[in-house]
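Residues per chain are reported as follows:
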Amino acid sequence: MNLGLHLLSLVTFFPLVGVLVILFLNDQQKTAIRWTALLTTLATFGLSLLVLLQFSTSNPDLQLVERATWVNIGGGEISYFLGVDGLSILLLLLTTFLTPIAILSTWDAVQDRVKGFMIFFLLMEIGMSGVFLAQDLVLFFVFWEFSLVPMYFLIGVWGGPRRIYAAIKFFLYTMAGSILMLVAILWLGLYQGTFSLPDLIAKGGLPATTQLWLFLGFAIAFAVKVPLFPLHSWLPDAHVEAPTAGSVILAGVLLKMGAYGLLRFNLSLFPQASIQLAPWLAAIAVIGILYGAAVAFVQKDMKKLVAYSSVSHLGFVVLGLFALTPSIAIQGSILQMINHGVSTGALFLIVGMIYERRHTREMDRLGGIWKVMPVYGALSLIVILSSIGLPGMNGFVGEFSILLGSFLSTVPYSPWFAGIAALGVILAAVYLLHMFEKVFLGPLNNPENAGLKDLRPREILTLLPLLVMIFWIGLYPKPFFALITPSVAKLAAALQTAAMTSIH
Amino acid sequence: MYFNLAPWVIIFPLIGMVVNLLVGKRLGEIGIGAIASLAAGLSFGVAVLLAFSLAAHPEAVTVQVAEWIPIYTPLGNLALSWAVRVDTLSVTMMLVVAGVGTLIHIYAIGYMHQDVRHNGDPGRFRRFFVYMNLFILAMMVLVSADNYLMTFVGWEGVGLCSYLLIGFWFEKGQDGIGNAKAAKKAFIANRVGDFGFLIAMFLIFSAFGSLRFEDIFSRAAQVAQAQPGIILAITLFMLLAVTGKSAQLPLYVWLPDAMAGPTPVSALIHAATMVTAGVYLVARSNALYSLAPVAQNTVAWVGAATALFAATIAVAQYDIKKVLAYSTISQLGFMVAAVGMGAFAAGMFHLVTHAFFKGLLFLSAGSVIQGVEHGEKHTGAAHGSAEASFDPQDMRNMGGLRSRMKVTFWVYLAGALALAGIFPLAGFFSKDEILAEAMQLNQPGVLVFLVLAAFLTAFYMGRQVFMVFFGKARSDPAAHAQENPPLMTLPLVALAVLSVIGGALNLPGVHTLETWLEHTIGGLQPAEFILPLALLALAVALLGIFLAWSLYGRSPLKHGQVDPLSKTLGPVFRGMERKWWVDEFYGKLVIGPYHALAGLLAQPVDQGVIDAAGNGLGTLTQGLSAWLRRVQTGFVRSYALAVLAGGVVILAYIIFR
């Protein structure tokens, strides 16, 4: 039942309302523009909660489906096709949840060309929601590319000193991957006569070598986005130059688009190839976990440290995905996508708060901040601990499910992968506590830090929803697993079948 | 029956923490301290009620609180609840944690009142008690879990509290960052151990399809028959976790540095309760360890080696708390050795008595330090900045405190004698039981190590007591030291009484504790009382004290005099004093190489190769385009020439095809 509303379309395109209103506002009416953007994204979040309300946790299939034929090319049917299931519902909610938080964080930080900033931000949200909801490959690709443009401008116009370099690098890396995906999409759609994902899955029957090539076409595009080692080098630059709100969305949502793509397309469309390549991807993921952790440890810039920590953390997500069966690892991966969005989003907000005050992120110039900013210190510690994966907080539930699932997985060498990846848990404590020590502990040696003011109520309000999620998922993850489980079980069953048939 | 009250052992400290967090600022120091102590005290009250209920109904009861993780797989179910398991083992731990914890909370009201002023930030008084209640909460989660994952939540939770409290004065210590570094070191060393815990849990799940104690222990024998290797692997990885949390070789290095925390923390977390979690874990997993003799032997030897090794270092320390820290590592070695040998009751017995007397010793040491600090303040006014580098924890600055701090002296003496194992104090009975078990269970090597460690224990405690309390004051502050108020000394007296009579818990022949624990730990053999062995242990202890007296008591140390032992032992003493260079060894072997590797990966590899490859591709494209651009000269004649050449080639192809 969808109440006659096109609920998913409404969620996706509702930010356009805000864009239209802002277009009629003068660039000097900053407060009005900010409020319009905030209220629009809050309303979008409300609509996504309506989606949640309509969502049935017992149904593993696509729900709230909207489908209309769009065009026909060369015998391949392209449709406007939206739907949501257990693989995507949490990511949709994460998107609509993080966007208003990110906008709230710009209240003081962005003073220049507010109008353009907010318009791009709202357009960004459309692209992201669309990516998670599109069930047609061409439609997906449109949203995928669409989301690239606003972020390019957010970095390139509102970024730091090397913003142009970073923005172009971000754009080119992603584009290079996307082109391969586009070729794979076209080949697949024309070969099978449809671009609709469920139809393609149902048809199946691709020869093994074809699957392998198509798998790689998709996987490289997604691997750049995740980012997987060694395709990650756009990320630190993009993060360092992006404005805080851009980093929050970049780490919180955009990276998840890559992991989600691997889950939604690679695992579902090419089960045999997934089984065949799983040990390789798991190995790359494990390398990424350790590599990201080691490189993060020696960074001097807080934002770079957090950026490399994302390489490490997303390694866990990909490791879980390519543990394939049992489903516990994939469930953990989906939850960990949310966890990373919440925790790393919060980390970037925290970095932004000190940057607004000190105009530096160099850890050597900070130190002893906890003494002058006790609230900030305490909240930062909670976020850092959640990122370390302390039990009782969100990160642990995801990491543990991933590692346990990977340990039990039938993928070759997977107990070793899990064991080595668990070393990443030690290393995460090393680099994050190093950062905490450098910034918050020790004496207040630098007089520039002595007069810092503690967090304002608005800043606390920005962090508060994220803190609630940190403890909610950590202490009572049951409702989240309930949303994920049926669809993952269905996917795992399909992978199981594929494994059986490829043996015979 | 009060079993349903069980969750309140966790909820009371939670309430205390939240109340202090929200309204503590308005309550004042006494209010904050009272609420925190009350929270711990009520938790203790619940534990007592649970103990009574168990006395009537010794079977384990699990009280469900809420569902937690619901994952069902074909290989087994990760379906876990937040639950409180009430059995004789968990309640024993609860009693110790909340009982000793409450006394330390009360003491800390007085101690922290002075400490926050001495360190110049009275606002941090509240934060201290928030952390302390959080610790009680986490420790209760640890001991009352009904599955390994919930144990792990408490396990890392107490580690967090330890981190927070070691770094409580995070702007102090060496170069202003020493305390923060000590805190980080503790967390990371524990994380290395936790890695072992994680792997052990993965192995358990793969073998049993569950993480719940009941499912695992009931099927342990069956699994051991089918896959003996996996039980060995589980128990060995778990041992890694034990060496982290209970500060055993090779991960013990964090505990001495952890003394950077305020002294009540050292007493509660780093002596009486948290560090015994490893001992508890082995006792809890007795069903697994009993099936893996190789692992048992390894555990026993790790414990015995740690007991002796740490005792040698304790002999040559000058910091009053460092001596106790190494002593704690050594005594934990005794407990680990005991549970390793399969003498679970003996290990738990020593855990309990050690909580009494080591808690007492640390608190008394805190009393000594604040007494001396008081003297320092008194004399500091007269001497000005000359005393800037004065260390109130250095025993070489003490001496003669017996007459100035009478209560502290007597309780310290009780604690020291109990630790040294002098009849009839608590330590005599519990240590003797471990030695007797070593003999009975045919572990002569372990026995020899432990007896040697016991000798050193008596010696270093004798040395400490003589250096601190006897002779004449070796500094002005010590000469002006002052006894602390009753708020601090009363808990000391209570712990002193427990240290004296604590042995009654498990007297030879009566075995109260053993019978009590037998309901939870199957197949316990009551230790026989072996009179010659008991006499030997006593003689060894007395010999240690006598030697300490002849070196430090007969002619007390003078101001500026070198330790008489350093002349006798020479380079050996230097080794003991410098802690056998283990920290330096780890620095060279682990920390340095990791720094170098990370630096290598970050610069030459990440920037030099990976990033450069991407940018290189860009530059290459640019170069190629620049080169190709030259084709576009703009001269019509060149284009015409190209068209002509093309036409010729095509024609040639058609003709000569």
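### A closer look at the overall build of chain B
At step 1: Broken down by element type, chain B carries 26 helices and two strands.
At step 2: Along the first, second and third principal axes, the C-alpha atoms of chain B reach 120 × 70 × 55 Å.
At step 3: Per-residue burial over chain B gives 59% buried out of 657 residues.
At step 4: Counting only contacts in chain B whose residues sit at least 6 apart along the sequence, the fraction spanning at least 24 positions is 80%.

### Digging into the overall build of chain A
At step 1: For chain A, the count of helices and strands is 20 helices and two strands.
At step 2: Seen through its principal axes, chain A has C-alpha atoms that stretch 70 × 55 × 40 Å.
At step 3: In chain A, which comprises 504 residues, the share counted as buried stands at 66%.
At step 4: Excluding contacts between residues fewer than 6 apart, the proportion of contacts in chain A whose partners are at least 24 apart in sequence is 81%.
At step 5: About 15,700 Å² of surface is accessible on chain A, with carbon and sulfur atoms providing 70% of the total.
At step 6: If the 26 positive side-chain charges of chain A are averaged to one point and the 22 negative ones to another, these points end up 5 Å apart.

### A closer look at helix H2 (residues 88-118) of chain B
Every α-helical turn comprises 3.6 residues, leaving residues that sit three or four positions apart pointing alike.
All names here are of chain B.
At step 1: In this model H2 runs 43 Å from its N-terminal to its C-terminal C-alpha over 31 residues, within 8% of the 45 Å that 1.5 Å per residue would give.
At step 2: Roughly 35° is the biggest bend found in H2, and it falls at Tyr111.
At step 3: The buried count for H2 comes to 26 of 31 residues, which makes it a mostly enclosed element.
At step 4: Looking one or two residues past H2, Gly120 carries a phi angle of roughly 75°, positive in sign.

### Description of the packing of helix H7 (residues 163-192) of chain A against helix H10 (residues 234-241) of chain A
All names here are of chain A.
At step 1: Running from N to C, H7 and H10 cross one another at 140°; their axes reach a closest spacing of 9 Å. Between H7 and H10, the angle is such that the two are oblique. Regarding H7 and H10, the two cross each other, and that crossing is left-handed. Packed against H7, whose contacting residues are Arg163, Tyr165, Ala166, Lys169, Phe170 and Tyr173, the element H10 presents Trp234, Asp237, Ala238 and Glu241 at the interface.

### Re the interface of chain B and chain A
At step 1: The interface is formed by 54 residues belonging to chain B together with 59 residues belonging to chain A.
At step 2: The three residues of chain B that bury the most area against chain A are B:Arg191, B:Phe202 and B:Tyr594, which together make up 14% of that side's buried surface.
At step 3: Seen at the junction of chain B and chain A, the total is five salt bridges.
At step 4: B:Asp611 serves as the salt-bridge partner of A:Lys169, at 2.4 Å between the closest nitrogen and oxygen.
At step 5: Where the side of chain B that touches chain A is concerned, the elements lending two or more residues are strand S1 (61-73), strand S2 (76-86), helix H3 (124-144), helix H4 (148-166), helix H5 (178-208) and helix H25 (582-629) of chain B.
At step 6: Tallying contributions element by element places H5(B) first for the side of chain B that touches chain A, with 15 residues.
At step 7: A per-class count over the side of chain B that touches chain A returns 34 nonpolar, eight polar and twelve charged.

### Section: the confidence of the model for chain B
At step 1: Across chain B, the average pLDDT comes to 92, with 99% of residues at or above 70.
At step 2: Scored by ipTM, the complex comes to 0.93, with pTM at 0.93.

### Focus: the pairing of strand S2 (residues 76-84) of chain A
For a regular strand, side chains alternate in direction, first toward one face of the sheet and then toward the other.
Residue and element names in this part refer to chain A.
At step 1: Of all the nine residues making up S2, seven are buried; the element is thus mostly covered by neighbouring parts of the structure.
At step 2: Relative to S2, strand S1 (residues 63-73) runs antiparallel, the two sharing eight bridges. Bridge pairing in S2 places Glu66 opposite Leu82.
At step 3: Two successive antiparallel strands, S1 and S2, enclose a turn made up of two residues, where Gly74 displays a positive phi of approximately 45°.

### Structural notes on a nonpolar patch on the surface
At step 1: Together, A:Leu464, A:Val468, A:Phe471, A:Trp472, A:Leu475 and A:Tyr476 make up an exposed nonpolar region whose accessible area comes to about 530 Å².
At step 2: Within the secondary structure, A:Leu475 sits in helix H19 (residues 457-475).

### Focus on the side chain of A:Lys303
At step 1: Among the structural elements, A:Lys303 can be located in helix H13 (residues 302-321).
At step 2: Although A:Lys303 lies buried, it forms no salt bridge, and the closest oppositely charged side chain, A:Asp301, sits 7.5 Å away as judged by the N-O distance.

### Re the packing of aromatic side chains
At step 1: This structure, assessed with the given rule, holds 60 aromatic pairs over all chains.
At step 2: Summarising the aromatic geometry, the rings of A:Phe222 and A:Phe265 are spaced 6.1 Å apart at their centres and angled 25° between planes, so their arrangement reads as stacked. Linking A:Phe222 in helix H9 (residues 208-225) with A:Phe265 in helix H11 (residues 244-269), this pair joins segments that are 43 residues apart in sequence. By the burial criterion, A:Phe222 is buried, and A:Phe265 matches it.
At step 3: Both rings, one in A:Tyr376 and one in A:Phe440, keep their centres 5.4 Å apart while their planes meet at 50°; by these two values the pair is tilted. Highlighted residues: A:Tyr376 in helix H16 (residues 374-388) and A:Phe440 in helix H18 (residues 414-440), separated in sequence by 64 residues.
At step 4: An aromatic cluster is present here, built from A:Phe396, A:Phe400, A:Phe407, B:Tyr148, B:Phe152, B:Trp155, B:Phe197, B:Phe202, B:Phe213 and B:Phe217 joined pairwise through their rings.

### A word on unusual backbone geometry
At step 1: For the bond from A:Phe229 to A:Pro230, the omega torsion is 0°, close enough to zero to count as cis.
At step 2: Looking at the secondary structure, you find A:Pro230 in the loop between H9 and H10.
At step 3: With a phi angle near 60°, B:Lys579 is a residue other than glycine that sits in the positive phi range.
At step 4: The class for B:Lys579 is partly exposed, based on a relative accessible area of 24%.
At step 5: Notably, B:Trp581 is not glycine yet its phi reads approximately 55°, a positive angle.
At step 6: Within the secondary structure, B:Trp581 is located in the loop between helix H24 (571-577) and H25.
At step 7: By relative accessible area, which is 37% here, B:Trp581 ends up partly exposed.

### Observations concerning the packing of helix H4 (residues 89-109) of chain A against H11(A)
Residues and elements named next belong to chain A.
At step 1: At their nearest, the axes of H4 and H11 sit 8 Å apart, and the two run at 165° to each other. Here H4 lies roughly antiparallel to H11, going by the angle between them. Crossing hand, H4 versus H11: left-handed. Residues Leu91, Leu94, Thr95, Leu98, Thr99, Ala102, Ser105 and Thr106 of H4 touch H11, and the partners they reach there are Thr244, Ala245, Val248, Ile249, Gly252, Val253, Lys256 and Tyr260.
At step 2: Looking at the contact of H4 with H11, its residues break down into nine nonpolar, six polar and one charged.

The rules behind each value
- Residues numbered from 1 in each chain as written.
- Chains lettered and ligands numbered in written order.
- Predicted model: local features only at pLDDT ≥ 70, side-chain atom pairs only at ≥ 80, totals over all residues.
- Heavy atoms only, no water.
- Helix = DSSP H or I, 4+ residues; strand = E, 2+ residues; numbered from the N terminus.
- Buried < 20%, exposed > 50% of the residue type's maximum accessible area, 1.4 Å probe, protein only.
- Contact = heavy atoms within 4.5 Å.
- Areas by Shrake-Rupley, 256 points an atom, 1.4 Å probe, with all protein chains shown as cover.
- Lys, Arg positive; Asp, Glu negative; His and termini not counted.
- Charge placed at Lys NZ, Arg CZ, Asp CG, Glu CD.
- Expected span 1.5 Å × (residues − 1).
- Bend = angle between axes of the 7 residues up to and from the residue.
- Axes fitted to C-alpha atoms, helices over the stretch in contact; angles between N-to-C directions.
- Parallel < 35°, antiparallel > 145°, perpendicular 65-115°, else oblique.
- Left-handed = near helix turned anticlockwise from the far one by under 90°.
- Buried area = accessible area lost by both parts, 1.4 Å probe.
- Salt bridge = Lys/Arg side-chain N within 4 Å of Asp/Glu carboxyl O.
- Nonpolar A, V, L, I, M, F, W, Y, C, P; charged D, E, K, R; others polar.
- pLDDT = per-residue confidence, 0-100.
- Pairing = 2+ DSSP bridges.
- Patch = residues over 30% accessible without salt bridge, like charges linked within 9 Å, V, L, I, M, F, W, Y side chains within 5 Å.
- Phe/Tyr/Trp six-rings, centres within 6.5 Å; stacked < 30°, edge-to-face > 60°.

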